[in-house]
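Fold and contact review
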Amino acid sequence: MNSQVSWWVFGVMSAVLILNVEFSIVEGGGASEETKIHIVYLGEREHNDPELVTASHLRMLESLLGSKKDASESMVHSYRQGFSGFAAHLTDSQAKRSQHPDVVQVSPNTFYEPQTTRVFDYLGLSPSSPKGLLHDAKMGEDVIIGILDSGVWPESPSFSDKGLGPIPKRWKGTCVDGVNFDSKKHCNNKLIGARYYMDGLFKKNKTDSGIIDTEYMSAREALPHGSYVASIAAGFVPNVSDHGFGMGTARGGAPKARIAMYKVSDVLKAMDDAIGDGVDVISISLGRSIPILSEIDVNNVFSYGAFHAISKGITNIAPWIITVAGTNLDRWFPTPLTLGNNVTLLARTPSVKPEFQAELIYVDSSKKITSEAKGKMVLCFITAESEETADDYLNQQMEVEAKGLIIAGRRSDMVIVSGHMILTNIDYGQGTTMLNYIKSTSKPTIKMSPSIKLTGPIVATKVADFSSRGPNSVSPYVLKPDIAAPAVSIMANGFAAESGTSLATPAVAGVVALLKAVHPDWSPAMLKSALITSASTTDPHGEPIFSEGLSRKLADPFDFGGGLVNPEKAANPGLVYDADAEDYRRFMCASNYEEKYITTISEQKSLYKCPSPRPSMLDLNLPSITIPFLKEDVTLTRTVTNVGPVNSVYKLIVQPPMGVKISVTPNRLVFNSKVKKLSYQVTVSTTHKANSIYFFGSLTWTDGTHNVVIPLSIRTQMLKYFDQ
């Protein structure tokens, strides 16, 4: 499985908050004119005191409207934290008269209605529904999520404990004081734990370290990653946006779950403490570059710590870890670029700039942007062979005072809002269209309009290009990733829209917290199985899910595992595939690990003895079947546990991979009050005569209500370890 480091570090960005359009009537002068909400953006704050900032906004409105009363009634929202600005009910004529030396921009709200950050609405979790998982789980109120990340910014509204009851009595953790972190002040009934682990960064002399100067020797973070992750898992922050995009409430998966933050350099120690503290779910948005470490490698702290966690009934996000792929949402804020020949291209980069028109020029990738570009829009292509990077072009643009920069490059799912500068990204195809237009006329022009919003099935769901893919290079018999969740342009914690697989992980952690609340007796494997077997291979609108990369294709299990997570169906999966610590020890035996290493990772008091003969790796009771080296017929066993209606009958549906025969015995499963678990055997054979690529299929048990689906990933290997 390809992997990448998932430390996505980002700064706080200024944001223009845009509310929904509301109308009222202003009468006067013999005519009536309707008002609508306008956004007045003033740039940086002049005062550190928020009250003074709001007072200045009211004075500005008073000078425009004529009285304090009218100013107060007109004001909708005062933006006074990261920047200065306000939303107010104004007529168009009043908005035109509102020009002031301090005003950067005035814009009506024309297309951004309030909404959540959309992640969990997209996944079918709605707080307005009187029934369903959120309601049944009480929004995860008594579940404790341990976040292993970069720390926390405790003042964030994500960690307000308003409306929460007392801390669960089973909690044994603590909040540790440190630099700019006062446990009595900063911890509460929401942020119930905060530890930090920095000793591992110091050298022996205890003075030199790899810690940046701005970092805190406490659970407080210098850069907002951990807070962001925690907010996605269990936050609730109203009125957030990124320059007005994605305006709404940043609601985490389990909004009332409790958060315990572990600021890590020593991951294993943090996981150990989290287990002892009593967390229910561990979310880790960290990763490692290739080569991937084996499950028993002493340096694989994730695998070690996670094994101990599952043995204590803690679900962690090896076969005992839930690995999450990242997708986009059904929401997009493209920027229309209209060429002089009336051809309009939709750029991926959202823009808050007012509409403008400018001359368009092209700069070859072997050249620099020169003074001839002053006041013009510049098209550049970025390739692997380019001498200039995107940063180089950006610096050159500013030096020569070019109007803006259009970068054509490989299609990417990393979306950054173009705020104070004009920087737009398009793909190579769009870039070629634009370049051909430039060559066709003596004076090419381009019109850039404010971004539009597209939602729903028109926006295809894709597994992002940055998301790790299978197959699993360490344990090829174990399918990875397991599940997929949104990870592109995710708004949380009131900072900015960000992208990365580290954002998909806490989304699933939040869902697991809800499942844990409604099924407290389920094992980690049962929870994982429920997620995978109920996942969807189509998006919420029934459209196919694609995989983004060098070329776009239909997504398969190596892209999204079981598919896109479906929280409501996961709460009622019908059947689950269970496994415990002993099953995982047997899997390590099957993987030919030495008994002393298996003893070490599983903390056995005496030497663990593997069965003789050693089991097959295919018999670990996973909610998937992956066969990387199929030559002769193979028979394997799976066992399902009924968690649905007591008296249930399930029938079999098989979609075999291309060129593969699947035989299942029995083909009917009957459960009753005495029969809660049943096993079935699967025989797999190939019709291929030569080595093949992986082909994919599925095996489904259905009772007419529940469809319990596991993915099949089969590769024929007549010559092992040989690719033709």
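What counts, and where the lines are drawn
- Residues numbered from 1 in each chain as written.
- Predicted model: local features only at pLDDT ≥ 70, side-chain atom pairs only at ≥ 80, totals over all residues.
- Heavy atoms only, no water.
- UniProt positions renumbered as here; feature names shortened; annotations may be inferred.
- Helix = DSSP H or I, 4+ residues; strand = E, 2+ residues; numbered from the N terminus.
- Buried < 20%, exposed > 50% of the residue type's maximum accessible area, 1.4 Å probe, protein only.
- Areas by Shrake-Rupley, 256 points an atom, 1.4 Å probe, with all protein chains shown as cover.
- Core = buried A, V, L, I, M, F, W, Y, C linked by side-chain atoms within 4.5 Å.
- Contact = heavy atoms within 4.5 Å.
- Disulfide = S-S within 2.5 Å.
- Pairing = 2+ DSSP bridges.
- Axes fitted to C-alpha atoms, helices over the stretch in contact; angles between N-to-C directions.
- Phe/Tyr/Trp six-rings, centres within 6.5 Å; stacked < 30°, edge-to-face > 60°.
- Lys NZ or Arg CZ within 6 Å of the ring centre and 35° of its normal.

If you open the UniProt record of the chain and go to Sequence similarities (unreviewed entry), you find "Belongs to the peptidase S8 family."

1. Structural notes on the overall build of the chain
Within the chain one finds 17 helices and 37 strands. A total of 724 residues make up the chain; the buried ones form 56% of that total. When the accessible surface of the chain is summed, it comes to about 31,100 Å², and 51% of that surface belongs to carbon and sulfur atoms.

2. Notes on the nonpolar core
Within the largest apolar cluster, 66 residues are counted, with the highest numbers of intra-cluster contacts made by Ile 145, Ile 147, Leu 191, Ile 259, Ile 483, Leu 515 and Leu 531. Ranked by residues supplied to this core, first place goes to helix α12 (residues 501–518) with 10 residues. Look past the residues within four positions of Ile 147 in its chain and what remains in contact with it is Gly 226, Val 229, Ala 230, Ala 233, Ile 259, Ala 260, Met 261, Tyr 262 and Ser 283. Listed in part, the 26 residues of the second largest apolar core include Val 640, Tyr 680, Leu 699 and Val 708.

3. Some words on the state of the cysteines
What the rule picks out here adds up to 2 disulfides. A disulfide bridge connects Cys 175 with Cys 187, and the sulfur atoms are separated by 1.8 Å. Between Cys 175 and Cys 187, the S-S dihedral sits near -100°, and the bridge is therefore left-handed. Of this pair, Cys 175 sits in the loop between β6 (144–149) and α6 (183–186) while Cys 187 is found in the loop between α6 and β7 (191–196), placing the two residues 12 residues apart along the sequence. Note on Cys 175: relative accessible area 16%, which makes it buried. Looking at Cys 187, the relative accessible area reads 13%, which means it is buried. By sequence order of its bonded cysteines, the chain has the disulfide arrangement 1-2, 3-4.

4. Overview of the sheet that holds strand β19 (residues 404–409)
Here 7 strands make up an open sheet; going across it, the order is β16-β15-β21-β17-β18-β19-β20 and the pairing mixed. Two strands bound the open sheet, and with one partner strand each, they are β16 (344–347) and β20 (423–427). Averaged over all pairs of adjacent strands, the angle between strand axes in this sheet comes to 30°, irrespective of strand direction. Judged from the 3 bridges that link them, strand β15 (residues 335–339) and strand β21 (residues 445–448) form a sheet pairing that is antiparallel. From the neighbouring strand, Thr 338 faces β21, where its bridge partner is Lys 447.

5. Quick notes on the sheet that holds strand β31 (residues 634–642)
Strand order in the open sheet formed by 4 strands is β29-β31-β35-β33, with antiparallel pairing between adjacent strands. Of all the strands in the sheet, the pair left with one neighbour each is β29 (575–576) and β33 (660–665). Both β29 and β31 contribute to a ladder of 2 bridges, which runs antiparallel. Pairing of Leu 575 across the sheet is with Asn 642, part of β31.

6. Comments concerning the packing of aromatic side chains
Per the stated rule, a full pass over the model turns up 8 aromatic pairs. Measuring from centroid to centroid gives 4.7 Å for Phe 558 and Tyr 694, while their planes differ by 75°, and the two rings are edge-to-face. Of this pair, Phe 558 sits in helix α14 (residues 557–560) while Tyr 694 sits in strand β36 (residues 694–702); the two residues are 136 residues apart in sequence, bridging distant segments of the chain. Take Phe 558 and Tyr 694: they sit in the same class, and that class is buried. Ring geometry for Phe 558 and Phe 696: centres 5.1 Å apart, planes at 85°, overall edge-to-face. Of this pair, Phe 558 sits in helix α14 while Phe 696 sits in strand β36; the two residues are 138 residues apart in sequence, bridging distant segments of the chain. Ring pairing ties together the aromatic residues Tyr 362, Phe 381 and Tyr 428, which thus form one cluster. In this structure, Arg 220 packs its charged tip against the face of Tyr 216, placed 5.9 Å from the ring centre.

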